[in-house]
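Understanding the architecture of this molecule
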Amino acid sequence: QVQLVESGGGLVQAGGSLRLSCAASGSIFSINSMGWYRRAPMKQRDLVARITSTGSTNYADSVKGRFTISRDNAKNTVYLQMNSLKPEDTAVYYCNAEIYLNLMTKRDYWGQGTQVTVSS
């Protein structure tokens, strides 16, 4: 059983900052890439940022220069530092991880989501 547990969402004023965390636990052999996605009201879930096991990153154009993704492999945890937040960043943020349960079995896991609300 593998779980992703997110924390760090909340309400913040425009221009403020929040840091999201997502910890993976359970029967994990190794973790490939990890990432954050978000779903705004009435919209589809979109990529925010991803990071590979070796630290390579990619970001959605809308968050480049404002958000930073990082990970602690020893803790199986991924972070999203969000600065200069805008009202359009308001969404439910989901953590995702590609997890190897053993040498041959890779599965995709999602967290339960955490609400981020940015007021103007």
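Residues numbered from 1 in each chain as written. Predicted model: local features only at pLDDT ≥ 70, side-chain atom pairs only at ≥ 80, totals over all residues. Heavy atoms only, no water.

**Looking at the pattern of salt bridges**
Evaluated as defined, the whole model comprises three salt bridges. Between D61 and K64 there is a salt bridge, with the nearest N and O atoms lying 3.1 Å from each other. For D89, the salt bridge goes to R66, with nearest N and O atoms at 2.8 Å. Of the two residues, D89 sits in the loop between β8 (77–82) and β9 (91–100) while R66 sits in the loop between β6 (57–59) and β7 (67–72), which places them 23 residues apart along the sequence. Owing to a relative accessible area of 1%, D89 belongs among the buried residues under this scheme. By sharing partners, the salt bridges in this structure join R38, R66 and D89 into a single network. (Salt bridge = Lys/Arg side-chain N within 4 Å of Asp/Glu carboxyl O. Helix = DSSP H or I, 4+ residues; strand = E, 2+ residues; numbered from the N terminus. Buried < 20%, exposed > 50% of the residue type's maximum accessible area, 1.4 Å probe, protein only.)

**Some remarks on the pairing of strand β11 (residues 114–119)**
Side-chain positions along a regular strand alternate between the two faces of the sheet. The side-chain alternation of β11 yields one buried face, formed by T114, V116 and V118, and one unburied face, formed by Q115, T117 and S119. Across four bridges, the pairing between strand β2 (residues 10–13) and β11 is parallel. Each residue of the ladder has a partner; that of Q13, found in β11, is S119. Pairing of β9 with β11 involves three bridges; the strand directions are antiparallel. When the sheet's bridge partners are listed, V92 is paired in β11 with Q115. (Pairing = 2+ DSSP bridges.)

**With respect to the sheet that holds β7**
Reading across the sheet, the four strands line up as β1-β3-β8-β7 and stay open at both edges, with antiparallel pairing between neighbours. The two strands at the open ends of the sheet, each matched to only one other strand, are β1 (2–7) and β7. Going across the sheet, the axis of each strand differs from the next one's by a mean of 15°, ignoring polarity. Bridging between β7 and β8 involves six bridges; their strand directions are antiparallel. Paired with S70 across the two strands is Y79, which belongs to β8. (Axes fitted to C-alpha atoms, helices over the stretch in contact; angles between N-to-C directions.)

**As for the nonpolar core**
Nonpolar side chains tend to gather and get buried jointly when the protein is soluble and globular. Ranked by internal contacts, the top residues of the largest apolar core, which has 30 residues, are W36, L80, M82 and Y93. Of all the secondary-structure elements, those providing two or more residues to this core are β1, β3 (18–26), β4 (30–39), β5 (45–51), β7, β8, β9 and β11. For this core, the element with the most residues is β9, which contributes five residues. (Core = buried A, V, L, I, M, F, W, Y, C linked by side-chain atoms within 4.5 Å.)

**Regarding the state of the cysteines**
Enumeration according to the criterion identifies one disulfide in this entry. Here C22 pairs with C95 through a disulfide, and the sulfurs are 2.1 Å apart. Since a negative S-S torsion denotes a left-handed disulfide, the C22-C95 link at about -80° is left-handed. With C22 in strand β3 and C95 in strand β9, this pair connects stretches of sequence that are 73 residues apart. Given a relative accessible area of 0%, C95 falls into the buried group. (Disulfide = S-S within 2.5 Å.)

**Describing the packing of aromatic side chains**
The geometry of two aromatic rings is summed up by the distance between their centres and the angle between their planes. Counted under the stated rule, the structure contains one aromatic pair. In this arrangement the basic side chain of R45 is found over the ring face of Y94, its NZ or CZ atom lying 5.0 Å from the centre. A cation over an aromatic ring shows up here: R45 above the ring of W110, its NZ or CZ 3.8 Å from the ring centre. (Phe/Tyr/Trp six-rings, centres within 6.5 Å; stacked < 30°, edge-to-face > 60°. Lys NZ or Arg CZ within 6 Å of the ring centre and 35° of its normal.)

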